Amino acid sequence: MKKKEKAVVISQECIGTDIYSLWLKVSFAEDAKPGQFISIYCKDGSRVLPRPISICEIEKNALRLVYRIAGAGTREFSALAAGDEIEVLGSLGNGFPLEEAEGKKVFLMGGGIGIPPMLETAKQLKADKRIIAGYRDELFLAEELEANGSLYIATEDGSEGTKGNVLDAIRENNLDADVIFACGPTPMLRAIKAYALEKNIPCWVSMEEKMACGIGACLACVCQSKEVDEHSHVHNKRICKDGPVFLSTEIEL
Amino acid sequence: MKKKEKAVVISQECIGTDIYSLWLKVSFAEDAKPGQFISIYCKDGSRVLPRPISICEIEKNALRLVYRIAGAGTREFSALAAGDEIEVLGSLGNGFPLEEAEGKKVFLMGGGIGIPPMLETAKQLKADKRIIAGYRDELFLAEELEANGSLYIATEDGSEGTKGNVLDAIRENNLDADVIFACGPTPMLRAIKAYALEKNIPCWVSMEEKMACGIGACLACVCQSKEVDEHSHVHNKRICKDGPVFLSTEIEL
Amino acid sequence: MNTKVNIAGVILNNPVMVASGTFGSGAEYSEFVDLNKLGAVVTKGVANVPWPGNPTPRIAETYGGMINAIGLQNPGIDVFCKRDIPFLKDYDTKIMVNVCGKTTEDYCEVVERLAEEDIDLMEINISCPNVKEGGIAFGQNPKAVEAITSELKKRAKQPIIMKLSPNVTDITEMAKAAEAGGADGLSLINTITGMKIDVNRRTFAVANKTGGLSGPAIKPVAVRMVYQVANAVKLPIIGMGGIATTEDALEFILAGATAVSVGTANFFNPYATVEIVKGIEDYMEKNHIQDIQELIGAVK
Amino acid sequence: MNTKVNIAGVILNNPVMVASGTFGSGAEYSEFVDLNKLGAVVTKGVANVPWPGNPTPRIAETYGGMINAIGLQNPGIDVFCKRDIPFLKDYDTKIMVNVCGKTTEDYCEVVERLAEEDIDLMEINISCPNVKEGGIAFGQNPKAVEAITSELKKRAKQPIIMKLSPNVTDITEMAKAAEAGGADGLSLINTITGMKIDVNRRTFAVANKTGGLSGPAIKPVAVRMVYQVANAVKLPIIGMGGIATTEDALEFILAGATAVSVGTANFFNPYATVEIVKGIEDYMEKNHIQDIQELIGAVK
Ligand SMILES: Cc1cc2nc3c(=O)[nH]c(=O)nc-3n(C[C@H](O)[C@H](O)[C@H](O)COP(=O)(O)OP(=O)(O)OC[C@H]3O[C@@H](n4cnc5c(N)ncnc54)[C@H](O)[C@@H]3O)c2cc1C
Ligand SMILES: Cc1cc2nc3c(=O)[nH]c(=O)nc-3n(C[C@H](O)[C@H](O)[C@H](O)COP(=O)(O)OP(=O)(O)OC[C@H]3O[C@@H](n4cnc5c(N)ncnc54)[C@H](O)[C@@H]3O)c2cc1C
Ligand SMILES: Cc1cc2nc3c(=O)[nH]c(=O)nc-3n(C[C@H](O)[C@H](O)[C@H](O)COP(=O)(O)O)c2cc1C
Ligand SMILES: Cc1cc2nc3c(=O)[nH]c(=O)nc-3n(C[C@H](O)[C@H](O)[C@H](O)COP(=O)(O)O)c2cc1C
Ligand code: FES
Ligand code: FES
């Protein structure tokens, strides 16, 4: 059951330049799945649309979010402190299909602010996990990821791990996998999709688009899909409802 | 010099049903005069106009405001706590002409949420002060007023002092004066103006109108005046700049 | 206390509906809202054939509102009749189907098809700013409004509500034209054409360049137009544009709307509709209003 | 780095002005803002004789904006020329005088009088929604726009900027009419007609019933219109409507405005204008823009 409710801030911490880790007490935490997201609403009424943020960790009554300040909304969130209340809607979307990777050799690939959902995914997934995390320069969540699989790091400036992107890290470390789960900027996902096609392995990617309703009603957040979509039968899948996680071959990237 | 600045909340206290007393640290406190007001801005960007609130008390670096929750803006203010910051513009308007009352027998008449400005007025005015405060039922600021003059109370329900309004209190107590300073709802001011005319004593009243700029530029807050106004020469005085305090015979009520 | 209102002979349990395109066909929001509590459910616009809509990004947030250029993506009337009408028939609420098209023939085809369906009202969108042909082009010309209205009236078995565009010099002209064409009611307003530019990327924020502005920001324009139209024609009005609270809904009703639609507010408060239904009852009780008819157009 | 812009031959130090009616004649705001830092000061509308304006309440807050029905209260051209122009002449900024009237003759009288004054530009308000005669009536009819423009051009010695109303179906028609009449530039947008109802007192929130909606809420409509007009005429455009931040101002410039006016934002941030002047410089520096001309109309 999706719910809109007042979440209570348990704690918030700045874990990198403009990057925040926020624990929220929510009633629907137990039903949440890795790869799902929640919508957060601003208190400032001049901003009416929700901010979709991926679930980074799940506990019995709480969710962890890790986000980067990207504009006025996330800046507002960064001022939240323990005890504050904030409206949220969740859990939304489908999440990663863990059953497709169970017991297999799997790449969990995250780029930039696409890294956070990989943490809970890694925690829940029973498989031979290689976590490949791509950063610009500064690391975050790295230790926690490392505790949940073998971690490979790429940084754009080469300050840590492989210099380059997540695919460079795979090549440099001669890694291979049977399945890929990925989240990150579109160019990264596009490259990963190409890599998966070339290697002929199934690959699931988590997509992003501007959202209004977050629940599949407004048709704002579509991406082009190979199969006709369930809603309009026009090859436009809704990222908020049919996704955000899609089989890479199923959508235009 | 008027200033817009971030004021820091020193303290806030609920002193009656929906009535709050707020101490703000502001740089322009020292220049403030009784009967002046400040504009307070909402943090919620959906509310763009200032809320004009009278100055209730003045200290070296701080102003006290006492206000009633009348809508969303004042409700927002009521959640402010020590240490919070809030944008204010002040000090605005002219204030009561203390020199006109110095040494005389004076009525300081406040009705409802028009009572607060009478406190600082009473504190600064060296005169034979009769403070007449009209409440619906619940009292507020009464003790502090009493410390600064002889206090007469009227309540609509008769629960304290005279049953009725401030003029009833004057009559019941056989009071008289040489000068009147008054602030409160328009019907009360209208009655006081008539009383002053009848008694042939000068009377200054503090007026209210919706405001946008608060500094005399937008011409939103006019009241009709006997003399032509300085700005447009059309008998429309600006409450925010030419007032809020006017000689009662000078304006339409 | 009576909250029932009459739109062209259709009696709604209360005056609160949803605005087309913001509520799908109700399925998604039924997780949050008991659809039985709504006066009517208004569906997303449906055309004769499936429409893919516009490229993304389709929306952008603006101050106190949003712009959208969804472009009327819809599954076409076939799927709609098979899937969405039966879903809604399970609820004790009225069904108003929103109709879109590119040509008069398109509209006629959909209306003819819907004439045979068990729905209560049709709302004709001649005011969508986000499609190249049809839509707003019809809604900005009184002759076109009258012509299409009378064509559709010939075909419909249910009352026809014409949905007007605010992007006009004089909304009463369009309202009178719809009335002259035989409309049974009017919906207003659709979105106001707007644009947002992303100054950092130096591009348009929505791919379609322009989009329709909706949300609380536009409410004063909508209330004004409802007031103007209520004083210009005899038709019942469904008012919308920025309604998010009970007070908002009451503004429209006092200005002359018989019913109201909640749109963009669903996105930031999925419970908005039912809260407003309850809020109107509370207001009536507090102000000793026996019948909501007393409020319709009460501010003159 | 060049931030100078050219409006019909008048060179402004930077593109930031104030919107008529929100800044008086500058005196009040000079306590907050160094007027020398502004591209131009635009005065409150002035008529041939003093106007008393509308009854109060004259304004009401709305979501993300406000409605006003000041009704163009002004001291008339005599006092204005004696008092306000000399005040502004002491500053190193351009002076644009906003002109209002009820009849063409009224406008002509003011323009003739101003022709002899040492001012830089005239902005002709044919778009005020808050006066019964004149104002918007001129601005909603292309023939009337063209006619009054050419009448005023005959009389003015300074460039004439026609200020357009957004309350029209097609703003480019009005822009073209002004261009045909010989206008030297265009200002847009004036306020959008709106209404607010006080549901508790069951009255109109402003005494005039309707008022002009301004503030951040209307920005998307204004940007859209500036973009449309920039692509329809050759005249320089002064863009306004909801500008409160540097990003807002840049949206208008990228959409095609040569200069911008800050209006309602002065009320909630008296420093808005100078902050935007500074913000534009910072943006140009960060993005390696040598000349602001590179930004004007850069998003197509
Ligand atoms: C499914 C999903 C999961 C996400 N998970 C995370 C996460 O875990 N951590 C994180 O830091 N960010 C995440 N994002 C991106 C995040 O939603 C945006 O950074 C955020 O909405 C920006 O809001 P703002 O007010 O700070 O920025 P602004 O740019 O001021 O926002 C303006 C509007 O655009 C929307 N918007 C801006 N950027 C994006 C974006 N990239 N995707 C969707 N909408 C956007 C906002 O929601 C808002 O409606 C996710 C996005 C999606 C779609
Ligand atoms: C000179 C002056 C001094 C005042 N001093 C005090 C005071 O000391 N204590 C106090 O409690 N109240 C005072 N008021 C009234 C106070 O300004 C309003 O109660 C307050 O603005 C309401 O804001 P809101 O958002 O809570 O209400 P809303 O009704 O939601 O406000 C909506 C809009 O209307 C304006 N508004 C509403 N009521 C008034 C009003 N009575 N006068 C002017 N504007 C109004 C608001 O500022 C806002 O722009 C004073 C008003 C004026 C003009
Ligand atoms: C995302 C979105 C989609 C819309 N789709 C339609 C539609 O299909 N048909 C229609 O007539 N109006 C459509 N509208 C307009 C709304 O029904 C409504 O008229 C408008 O949004 C104003 O109301 P609001 O401010 O409450 O949203 C849409 C609006 C939005 C925001
Ligand atoms: C209080 C007020 C008074 C105004 N007076 C005038 C005026 O005298 N002449 C005029 O052309 N426009 C007038 N306007 C319109 C503004 O100049 C501007 O076009 C409009 O407000 C949109 O800009 P904004 O959203 O930045 O305020 C007035 C606007 C306001 C809010
Ligand atoms: S955000 Fe509404 S359908 Fe996805
Ligand atoms: S509020 Fe602007 S003149 Fe008084």
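Quick notes on the rules
Residues numbered from 1 in each chain as written. Chains lettered and ligands numbered in written order. Predicted model: local features only at pLDDT ≥ 70, side-chain atom pairs only at ≥ 80, totals over all residues. Heavy atoms only, no water. Helix = DSSP H or I, 4+ residues; strand = E, 2+ residues; numbered from the N terminus. Buried < 20%, exposed > 50% of the residue type's maximum accessible area, 1.4 Å probe, protein only. Contact = heavy atoms within 4.5 Å. Salt bridge = Lys/Arg side-chain N within 4 Å of Asp/Glu carboxyl O. Buried area = accessible area lost by both parts, 1.4 Å probe. Polar contact = N/O pair within 3.5 Å; in protein donor to acceptor, adjacent residues only side chain to side chain. Nonpolar A, V, L, I, M, F, W, Y, C, P; charged D, E, K, R; others polar. Core = buried A, V, L, I, M, F, W, Y, C linked by side-chain atoms within 4.5 Å. Least-squares fit on C-alpha atoms with pLDDT ≥ 70 in both. Near = heavy atom within 4 Å.

Draft legend 1. Quick look at the overall build of chain C. Helix and strand content of chain C: 9 helices and 16 strands. Counting only C-alpha atoms and orienting by the principal axes, one finds that chain C spans roughly 55 × 50 × 40 Å. When the 300 residues of chain C are sorted by exposure, 68% land in the buried category. Relative to all contacts within chain C whose residues are 6 or more apart in sequence, the contacts with residues 24 or more apart total 71%.

Draft legend 2. Summary view of the pattern of salt bridges. According to the stated counting rule, one finds 54 salt bridges over all chains in the structure shown. Between B:D128 and B:R130 there is a salt bridge, with the nearest N and O atoms lying 2.7 Å from each other. Residue classification places B:D128 among the partly exposed positions, given a relative accessible area of 37%. The class for B:R130 is buried, based on a relative accessible area of 16%. Across the pair B:D242 and B:R238 runs a salt bridge, and its minimum N-O distance is 3.4 Å. When salt bridges that share partners are traced, they join A:E57, A:R64, A:K123 and A:E144 into one network.

Draft legend 3. Fine view of the interface of chain D and chain C. Taken together, the contact pairs 40 residues of chain D with 40 residues of chain C. Together, the buried faces of chain D and chain C total about 3,500 Å²; carbon and sulfur atoms form 67% of this surface. Applying the counting criterion to the chain D and chain C interface returns 0 salt bridges. At the surface where chain D touches chain C, the tally comes to 13 residue pairs in polar contact (both at pLDDT 80 or more). Looking at the side of chain D that touches chain C, the elements with two or more residues in it are β11 (192-195), β13 (203-204), β14 (210-214), α6 (219-230) and α7 (246-255) of chain D. When its residues are assigned to classes, the side of chain D that touches chain C shows 22 nonpolar, 11 polar and 7 charged.

Draft legend 4. Here's a closer look at the interface of chain A and chain C. In this complex, chain A contributes 34 residues to the contact, which on the side of chain C involves 35 residues. Viewed at the interface, chain C and chain A are joined by 3 salt bridges. Notably, a salt bridge pairs C:E61 with A:R51, separated by 2.7 Å at the nearest N-O pair. Inspection of the chain A/chain C interface yields 16 residue pairs in polar contact (both at pLDDT 80 or more).

Draft legend 5. Region of the structure containing the nonpolar core. C:L114 and D:L114 are the most contacted members of the largest nonpolar core, which totals 297 residues. If near-sequence neighbours (up to four positions away) are discounted, D:L114 is found in contact with D:I77, D:F80, D:C81, D:I85, D:V97, D:V99, D:I119, D:M122 and D:Q158.

Draft legend 6. Just the relation of the copies chain D and chain C, in detail. Rotating chain D by 180° and moving it 0.0 Å along the rotation axis overlays it on chain C with an RMSD of 0.0 Å. Both chain copies can therefore be described as sitting about a two-fold axis. When you check the interface residues of chain D against chain C, 100% turn up at the interface there too, and the contact is symmetric in its surfaces.

Draft legend 7. View of the site of ligand 1. Contacts to ligand 1 come from 22 residues, most closely from A:R51, A:P52, A:R68, A:T74 and A:E208. The environment of ligand 1 is shared, with nearby residues belonging to chains A and C. Take A:R68: an N or O atom from its main chain is 2.8 Å from an oxygen atom of ligand 1. Contacts to ligand 1 include A:G71, whose backbone N or O atom sits 2.9 Å from an oxygen atom.

These results come straight from atomic positions and should not be treated as a statement about function.
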